[in-house]
Amino acid sequence: MFMPVLELRHLKKYYATQKAVDDISFTVEEGSIFGLLGPNGAGKTTLLRMITGIFYPDSGDILFNGKKFDPLNDIAYIGYMPEERGLYKKMKIGDQVLYLARLKGMSKADAMVNIKEWFVKFEMETWWNKKVEDLSKGMQQKVQFVATVVHEPQLIILDEPFSGFDPINAEIITREILELNKNGATIIFSTHRMESVEQLCDNIALIHKGHKILDGGVRQIKNSYRNNTYKIEYNSTGQDLNIKEDLFEVIAQHDTEEGRQVILKVKEGKCSNDLLAFLIPQVHITQMTEVIPSINEIFIQKVTALN
């Protein structure tokens, strides 16, 4: 059983006119990839800033490796890439990444070894003497990512890590996130890219208006929102199914190159075997797939219901 790297207990952070974080608790297990989701203004960034010691909570506790979080000592084990990137625009890139690595407690020699490895990996060898202001947004993002992970942190926190990247570089960063996790890093990331959540995350928490409204394993959450809906493909073009109203509801149907496709929602108390028993005498079924809601669909459903 994995121990929690991070545990939040009833965190609250209030501003004069807003409850930015209102009694949020969750646990991030060692070696996991944890997705922090929510619409703009939900409180995600405030939460991440408390986890990294930039803000202090008004109440509640943060535990890091089982002990009360100590920003002065524990921050060396954390890498944080904020949504509002924090690079010095006039400073040379190589000197800047070296400076930030030294701030995290690395020796100059160890930092230089790691920096060179990352610069080669991201094809940044010729960037050392360039200034941040001379780089494109995507190139700046690469520098920020390297600065976040160069000291080999135990916990990596990425706020909108794919912002500014084209699809190719987004895929490169995705591979590196998975590799860092494979090598032992625990990762928290906040993103609007729901396809990345399904691809990367073991667990998620959904935040809305300062409240946690959903958390748990990605697979378990998706399974809990199953609603007995199936996609059926059969090889008769233009043939509508006979309707049995007490068994299923037709959501959609259309012709495909191979035949006909229909989306059916089975009525409560019935199951897929009942559906098959009704359909098999009518048509030759070539494929049947259960339609399980995506994280994006669940996200929209939960947030819309609360607005």
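Quick note: structure is the one above.
Just so it is clear, the model here is predicted, and its values are computed rather than measured.

Draft legend 1. Representation of helix H4 (residues 108–121). With 14 residues, H4 extends 20 Å from end C-alpha to end C-alpha; this agrees with the ideal 20 Å at 1.5 Å per step. Those residues of H4 not exposed but buried are Ala111, Asn114, Ile115, Trp118 and Phe119. With its buried residues spanning 135° around the axis, H4 presents them on a single face. In H4, the exposed positions angled more than 90 degrees off the buried face are occupied by Ala109, Lys116 and Glu117. Residues of H4 that are buried sit in contact with helix H3 (93–103), helix H5 (137–149) and helix H6 (167–182). Just beyond H4, the residue with positive phi is Glu123, at close to 55°.

Draft legend 2. Here's a closer look at the sheet that holds strand E2 (residues 18–29). Judged by pairing direction, the sheet is antiparallel, and its four strands sit side by side in the order E2-E1-E4-E5 without closing on themselves. Edge positions in the sheet fall to E2 and strand E5 (67–68), since each of these pairs with one other strand and no more. Packing of helix H1 (residues 44–51) onto the sheet brings it into contact with strand E1 (4–15), E2 and strand E4 (59–64), and relative to E1 it is tilted by some 120°.

Draft legend 3. Molecular detail of the layout of surface pockets. In this structure, the largest pocket spans a volume of roughly 540 Å³. Its residues placed into classes, the lining of the largest pocket shows twelve nonpolar, eight polar and three charged. Here the second largest pocket defines a volume of roughly 290 Å³. Around the second largest pocket, the lining is made up of 15 residues, and of these Trp118, Val149, Glu152, Leu180 and Asn183 lie nearest the centre. Among the secondary structure elements, those contributing two or more residues to the lining of the second largest pocket are H4 and H6.

Rules used throughout
Residues numbered from 1 in each chain as written. Predicted model: local features only at pLDDT ≥ 70, side-chain atom pairs only at ≥ 80, totals over all residues. Heavy atoms only, no water. Helix = DSSP H or I, 4+ residues; strand = E, 2+ residues; numbered from the N terminus. Expected span 1.5 Å × (residues − 1). Buried < 20%, exposed > 50% of the residue type's maximum accessible area, 1.4 Å probe, protein only. Arc of directions from axis to C-beta. Contact = heavy atoms within 4.5 Å. Pairing = 2+ DSSP bridges. Axes fitted to C-alpha atoms, helices over the stretch in contact; angles between N-to-C directions. 1 Å grid on protein atoms, 1.4 Å probe; cavity = no way out; pocket = protein on both sides within 12 Å on 5 of 7 lines; lining within 4 Å. Points joined across faces, edges and corners; volume = space filled by probe spheres on them. Nonpolar A, V, L, I, M, F, W, Y, C, P; charged D, E, K, R; others polar.

Purely geometric stuff here, so don't read any function into it on its own.
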